[in-house]
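# Notes for the structure review
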Amino acid sequence: MTQAVILAGGKSSRFGRDKAFEKFGDSTLVESVFFSLKEIFSDIIIVTNCPENFSIFEAKTVKDIVPGRGPIGGIYTGLLSSSSQRIFAIACDMPFLDKDFIKYMISIKEGDVIVPRKEKDLYEPLHAVYSKNCLPYILDQLNKGDNKIQNFFSFVKTVYVEKDVILRFDTEMKMFFNINEKNDLKRFKTCIEK
């Protein structure tokens, strides 16, 4: 079994406020992600620095064990908090998830990390599967002050989902589109209209 982990602990410093609850259409970013995942996963964990803000969701909310370290800290917290051997970790600001692609990713049984690779050195580590076997390597990175997620990939069995496979599910790779700045909302609205 694989549990879903929504990473919602970011400071949203580039956005200016908590972007998880930024409205678009009839929902918020985190609602869009949560309800898409709910169609695939029976159990969802939300990693956040403010669990009280997410009490409306039918999910386990956990406080980031290593706050201030960015997404790698959230992945570490998600793995430790999960009752499953594997998690599907996703950022809270990626509203165009492709459910069939996620199902494909979690169907891959081999590997400690299953991660999309759009180009040679261009990964999507915030749309990836991680196993508990990654924990000691992530902890080692955290202890060294290294926040770059993909820096531990070479120490575990990593399976890359390559561009040709990605394009079979999403020809525009919209599923990796995320909201970092307010200007991204304009691009977001353009994508909705297509």
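In short, a report on the structure. Just so you know, these numbers come straight off a predicted model, no measurement behind them.

## Here we look at the pattern of salt bridges
Per the counting criterion, the structure on display carries seven salt bridges. K38 is paired through a salt bridge with E58; the nearest N and O atoms lie 3.8 Å apart. Here the residue K38 occupies a position in helix α1 (residues 29-38), and E58 occupies one in the loop between β4 (44-48) and β5 (60-63), the gap between them amounting to 20 residues. Residue class for K38 comes out partly exposed when judged on its relative accessible area of 28%.

## Observations regarding α1
When you tally the buried positions in α1, you get seven out of ten residues, the bulk of the element. For α1, the full list of buried residues reads L29, V30, S32, V33, F34, S36 and L37. On its buried side, α1 packs onto β1 (2-7), β2 (23-24), β3 (27-28), β4, β6 (86-91) and α3 (99-107).

## Notes on unusual backbone geometry
Most peptide bonds take the trans configuration, and most residues that are not glycine carry a negative phi. Phi at M173 takes a positive value of approximately 55°, unusual for a residue other than glycine. For M173, a relative accessible area of 18% corresponds to the buried category.

## Some details on the side chain of D98
Among the structural elements, D98 can be located in the loop between β6 and α3. Here D98 occupies a buried position and makes no salt bridge, while the nearest side chain of opposite charge, K99, is found at 8.0 Å. From its side chain, D98 meets the backbone nitrogen of D100 in a polar contact 3.1 Å long. Discounting residues that sit within four places of it in the chain, D98 has contacts with F169 and M175.

## Re the packing of aromatic side chains
Using the criterion set out here, one finds 16 aromatic pairs in the structure. Judged by centre distance (6.1 Å) and plane angle (80°), the ring pair of Y123 and F153 falls under edge-to-face. Linking Y123 in strand β8 (residues 122-123) with F153 in the loop between α4 (135-144) and β10 (158-162), this pair joins segments that are 30 residues apart in sequence. One exposure class covers both Y123 and F153, and it is buried. When the ring of F152 is compared with that of F153, the centres are 5.3 Å apart and the planes differ by 85°; the resulting orientation is edge-to-face. The residues F152 and F153 share a single accessibility class, namely buried. Each member of the aromatic cluster is reached from another via a ring pair, and the members are F21, F34, F35, F54 and F57. The ring of Y160 has R117 lying over it, and the distance from NZ or CZ to the ring centre is 3.9 Å. Between K174 and the ring centre of F96, over which it is positioned, the NZ or CZ distance is 6.0 Å.

## Re the layout of surface pockets
Its boundaries defined by the atoms lining it, the second largest pocket holds a volume of some 290 Å³. Taken together, 14 residues make up the lining of the second largest pocket; nearest its centre are Y123, E124, P125, L126 and N178. Split into classes, the residues belonging to the lining of the second largest pocket amount to eight nonpolar, three polar and three charged.

What counts as what
- Residue positions are given per chain, counting from 1 as you read along its sequence in written order.
- Reporting in this predicted model follows two pLDDT cut-offs: at least 70 for local features of residues, and 80 or more for side-chain atom pairs to be given and counted; totals over whole chains, interfaces and linings ignore these cut-offs and use all residues.
- With hydrogens and water set aside, each side-chain value is computed from the structure's full complement of heavy atoms.
- Whenever a carboxyl oxygen of Asp or Glu lies within 4 Å of a side-chain nitrogen of Lys or Arg, that contact is scored as a salt bridge.
- A run of DSSP states H or I qualifies as a helix once it reaches four residues; a run of E qualifies as a strand once it reaches two. Both are numbered from the N-terminal end.
- Relative accessibility under 20% of the residue-type maximum defines a buried residue, over 50% an exposed one, and the middle range a partly exposed one, all with a 1.4 Å probe and only protein chains included.
- Every residue pair with non-hydrogen atoms within 4.5 Å of one another is taken to be in contact.
- Residues scored as charged are limited to Lys and Arg (positive) and Asp and Glu (negative), so that His and the chain ends carry no count.
- Each polar contact in these results corresponds to two N or O atoms within 3.5 Å; when the atoms are within protein, one needs to be able to donate a hydrogen and the other to accept it, and residues that are neighboring in sequence are counted only if both atoms are side-chain atoms.
- Note on aromatic pairs: the rings of Phe, Tyr and Trp (six-membered ring only in Trp) are paired at centre separations within 6.5 Å, and the planes decide the class, stacked below 30 degrees, edge-to-face beyond 60, tilted for the rest.
- Counted as over-ring charges are cases with an Arg CZ or a Lys NZ within 6 Å of the ring centre that also lie within 35 degrees of the ring normal.
- Think of a 1 Å grid over the protein atoms and nothing else: a 1.4 Å probe that fits but is trapped marks a cavity, an open set flanked by protein within 12 Å on at least five of seven lines marks a pocket, and residues with an atom within 4 Å of a point count as lining.
- Grid points are joined across faces, edges and corners, and a volume is the space filled by probe spheres set on the points.
- The residue classification treats Ala, Val, Leu, Ile, Met, Phe, Trp, Tyr, Cys and Pro as nonpolar and Asp, Glu, Lys and Arg as charged. All others, Gly included, are polar.

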